[in-house]
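# Summary of structural features
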Amino acid sequence: MQKAGYQPGGTVAGEGPRRIRLLYFTYLVKQLQKEAEEVEIPPSVSDVTSLCEWLRRRNPDQAHLFQAGSFQVTVNKQFCEPFTRIEAGDEVALIPTSPNVPVKK
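Residues numbered from 1 in each chain as written. Predicted model: local features only at pLDDT ≥ 70, side-chain atom pairs only at ≥ 80, totals over all residues. Heavy atoms only, no water.

### With respect to the packing of aromatic side chains
Here is the rule we go by: Put simply, two rings from Phe, Tyr or Trp (the six-membered ring, in Trp's case) pair if the centres are within 6.5 Å, and we call them stacked under 30 degrees between planes, edge-to-face over 60, tilted for the rest. Accessibility here uses a 1.4 Å probe with only protein chains present; expressed as a share of the type maximum, an area under 20% marks a residue as buried, one over 50% as exposed, and anything in between as partly exposed.
This model, assessed by the stated rule, comprises one aromatic pair. For the ring pair F66 and F71, a centre distance of 6.3 Å and an interplane angle of 85° mean the geometry is edge-to-face. F71 matches F66 in its accessibility class, with the two residues each being buried.

### Comments concerning the pairing of strand 1 (residues 18-24)
Let me state the cut-off plainly: Only DSSP runs of H or I covering at least 4 residues are called helices, and only runs of E covering at least 2 are called strands; the numbering of each starts at the N terminus. Pairing between strands is defined by DSSP: at least two bridges between the two strands are required.
For strand 1, the tally of buried residues reaches five of seven residues, placing the bulk of the element in the interior. The pairing of strand 1 with strand 2 (residues 36-41) spans six bridges and is antiparallel. What sits directly across from L22, in strand 2, is E37. Two strands pair when backbone bridges link them, and strand 1 and strand 5 (residues 91-96) are joined in this way by four bridges, in the parallel orientation. The residue of strand 5 that forms the bridge with Y24 is L94.

Rendered as structure tokens:
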């Protein structure tokens, strides 16, 4: 059981690296050449919206894959809202809403 203010592994919330697991589906698997990855998220990533913005900035050549509205997001297997918090240890899935790859702008 996680206590308030503490993360698994004994680190205090907000201190040290925060790692999450990203899961990709449909065309994202083919375009990114992976089904999942463990990533360390920066302190600026606090919710689903900021995670999506960070994903677009992380690799500008693939930013079109993460266009707003082109996928749904689950956090720990629950569909979520843009304001849903992202915490260390979360599993975040990106599920495209269309079978077609978004066009690069």
